Amino acid sequence: MPEKPLKICLVSSELTPLAKTGGLADVSAALSAFLDNKGHDIRVLIPFYSAIDTKSLEIAPDPSLQNLSIRIGNHHLNYSIDTTTLPNKALKIYLLRCPELYDRPSIYTDGSDEHLRFILLSRVAIEMCQHMGFAPDIFHCHDWHTALTPLYLKTLYAWDSLFENTRSVLTIHNIGYQGIFDARILHDMGMQDSPENLYQEDLALGRVNFLKTGVLYSDLLTTVSPTYANEILGSTYGMGLQDLLRQRQDSLVGILNGMDTDEWNPRKDALIPYPYDARDISGKKENKQALMQELELDSNDDIPLLGIVSRLTSQKGIDLIQQVVPKLIQQRRFALAVLGSGEPRYEKFFGELQGRYRNHVCFYRGFSNKLAHMIEAGSDMFLMPSQFEPCGLNQMYSLRYGTVPIVRRTGGLADSVQLFEPSSGKGTGIVFDDYSASALEWALNAALDLYQDKKSWRKLVRNGMAMDYSWKHQGQIYIDLFRQILPTGK
Ligand code: ADP
Ligand code: GLC
């Protein structure tokens, strides 16, 4: 007998292409679309940020979800829910409209009401289901922004029998961001009369931690790669949550992210000038030419082009790049295309590097999906020397685009890239272990040397392009796990 479709409410602060700062957006969108395609009833809720580009979207108010209100602490908030459909997908998205909280220039802010913005989202996910009479099997929450939903199901909304068979899942995409606030927001959290529900040691220190609360209350915890699931149990990567995670180890599973193979398909990619695939890879060279011209880099196929697309934060190993690249670029011939924005000290570094090596380094400061695709298609190698990397998506995009990833063996990078051995012809990238300048220097030299060995390089590129990191397998793991935590008989 075929299994019954699941009813899922997925709530996230980001969703590609509507609202994106990083991989969370890609995963929320692609996993939802996969579940929808599989016939599950999935309702996805994100905030209707004013930063969402609505030009190419058809947005309609959901008549049954207009002019609603909610009381959060002393705040009376009015909201409505609109719907839209993702470009090229069938999936319907619910947009939580509350201009008072979401009309800001950016998705995240450092405003004093940041906690409110995501308490609202976490509670409205539940109230939206109530208004729709939708009893989800699973609430799927992502990162700290929606990590309070599991707490609310077990406290503020525990009275509602609509949710008696509902289970909650929290996926940790990045433990580096926990949503830590002053305990004065207890009232806004709705926990002023029952602070015993929260982590007492934090309260004693005068703070509350949204992610930690989610770790305490969700029925299942997942993170975005098996290696990261292991790493966060220790003090180096656990960022203070390791003890609690060890207590909940039986409920913690690492599932490697998949990638959206429609959006990231070099044969069908409308954002790159020359489509190609593993059968005919000739377009890759032309993309390289086009990219180097566009970025005003000296274009010559003999010069390997190294790409970086990244949030510029310490997580991404930019410190190592700072220590190694300025020296290496004087010793070896290569060009560098960098797309990213973030911490001013890193932006300054890449800006100065570009100033010094104008024909060999291009730094595009900002966010550009088109340029991200062009860099994946046009580069020979892609650099991700991350200090930690829960999963990482660009190394997977790189593999599919025949761009050799150079990565540090951590988190999802360790699970998705294998060191190439010229003698056996096996492996998909260059992988180094230590978080040190000498290890990165070794990796870059190894990649540049290998690039000169055309036969090995071709093999390495082809090995990568043959990998399948689609959602087909990974999405099924989520479905199987969701079923395992449901009350028996579902
Ligand atoms: P993280 O979520 O930690 O930033 P991931 O590798 O999982 O890292 O995902 C990053 C995603 O964001 C990728 O889709 C990448 O292409 C995209 N991205 C990062 N920076 C930029 C940028 N400046 N412009 C366009 N896309 C970017
Ligand atoms: C996070 C992580 C990244 C991961 C992404 C999607 O932002 O930093 O490694 O790929 O989430 O899960």
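In case you missed it, the structure is sitting above this.
Quantities reported herein were computed from a predicted structural model and do not represent experimental measurements. (Residues numbered from 1 in each chain as written. Chains lettered and ligands numbered in written order. Predicted model: local features only at pLDDT ≥ 70, side-chain atom pairs only at ≥ 80, totals over all residues. Heavy atoms only, no water.)

(A) Seen up close, the nonpolar core. One finds Leu-45, Leu-120, Met-189, Leu-245 and Phe-350 to be the most contacted residues of the largest nonpolar core, which totals 172 residues. Two domains each put at least three residues into this core: domain 1 (7-258 + 472-485) and domain 2 (282-469). (Core = buried A, V, L, I, M, F, W, Y, C linked by side-chain atoms within 4.5 Å. Buried < 20%, exposed > 50% of the residue type's maximum accessible area, 1.4 Å probe, protein only. Domains from an automatic or database assignment.)

(B) Structural context of the pattern of salt bridges. Across all of its chains, the model carries 26 salt bridges by this definition. Ionic pairing is found between Arg-409 and Asp-433, a salt bridge with its closest N-O pair at 2.8 Å. Here Arg-409 is found in the loop between β17 (404-408) and α16 (411-416), whereas its partner Asp-433 is found in the loop between β18 (430-432) and α17 (437-452), with 24 residues between them in sequence. Asp-433 sits in the partly exposed class, given a relative accessible area of 41%. Here the salt bridges share partners, and the residues they tie into one network are Asp-202, Arg-207 and Lys-212. (Salt bridge = Lys/Arg side-chain N within 4 Å of Asp/Glu carboxyl O. Helix = DSSP H or I, 4+ residues; strand = E, 2+ residues; numbered from the N terminus.)

(C) Representation of the site of ligand 2 in the model. Looking at ligand 2, there are 13 residues lining it, with His-173, Asn-257, Glu-389, Cys-391 and Gly-392 nearest. Between ligand 2 and Asn-257, the relevant distance is 2.8 Å, taken from an oxygen atom to a side-chain nitrogen or oxygen of the residue. Contacts to ligand 2 include Pro-390, whose backbone N or O atom sits 3.4 Å from an oxygen atom. Surface burial for ligand 2 is 93%, taken as the share of its 310 Å² of free accessible area covered by protein chains. The greatest single-element share of the shell around ligand 2, amounting to three residues, is contributed by helix α1 (residues 23-37). Residue-level mapping places the shell around ligand 2 at the junction of two domains, with at least three residues from each of domain 1 (7-258 + 472-485) and domain 2 (282-469). (Near = heavy atom within 4 Å. Polar contact = N/O pair within 3.5 Å; in protein donor to acceptor, adjacent residues only side chain to side chain. Areas by Shrake-Rupley, 256 points an atom, 1.4 Å probe, with all protein chains shown as cover.)

(D) Main features of the sheet that holds strand β16 (residues 381-384). In space, the six strands of this open sheet follow the order β15-β14-β13-β16-β17-β18, with parallel pairing throughout. Edge strands, defined here as strands with exactly one partner in the open sheet, are β15 (361-365) and β18. Neighbour-to-neighbour, the strand axes of this sheet turn through a mean angle of 15°, independent of strand direction. As paired strands, strand β13 (residues 305-312) and strand β14 (residues 335-342) are joined by eight bridges and run parallel to one another. (Pairing = 2+ DSSP bridges. Axes fitted to C-alpha atoms, helices over the stretch in contact; angles between N-to-C directions.)

(E) View of the environment of Phe-388. Here Phe-388 lies in the loop between β16 and α15 (394-400). According to the relative accessible area criterion, Phe-388 is buried, its value standing at 10%. In this structure the C-alpha to C-alpha distance between Phe-388 and Thr-236, which are 152 residues apart in sequence, comes to 9.6 Å.

(F) A look at the environment of Trp-144. Looking at where Trp-144 falls in the secondary structure, it is placed in the loop between β7 (138-142) and α4 (149-154). Given a relative accessible area of 8%, Trp-144 falls into the buried group. Between the C-alpha atoms of Trp-144 and Ser-12, which are 132 residues apart in sequence, the distance is 9.6 Å. Setting aside residues up to four positions removed in sequence, Trp-144 forms contacts with Glu-114, Phe-118, Tyr-177, Gln-178, Gly-179, Phe-181, Phe-210 and Leu-211. (Contact = heavy atoms within 4.5 Å.)

(G) Seen up close, the site of ligand 1. Lining the immediate environment of ligand 1, one finds 20 residues, of which Gly-23, Asp-26, Arg-311, Lys-316 and Gly-366 sit closest. Arg-311 has a polar side-chain atom sitting 2.7 Å from an oxygen atom of ligand 1. Here ligand 1 loses 93% of its free accessible area of 560 Å² to cover by the protein chains. Contributing elements (two or more residues each) for the shell around ligand 1: α1, β13, β14 and α15. Considering each element in turn, the shell around ligand 1 owes the most residues, three residues, to β13. In terms of residue class, the shell around ligand 1 is made up of six nonpolar, nine polar and five charged. Counting the residues that make up the shell around ligand 1, at least three belong to each of domain 1 (7-258 + 472-485) and domain 2 (282-469). (Nonpolar A, V, L, I, M, F, W, Y, C, P; charged D, E, K, R; others polar.)

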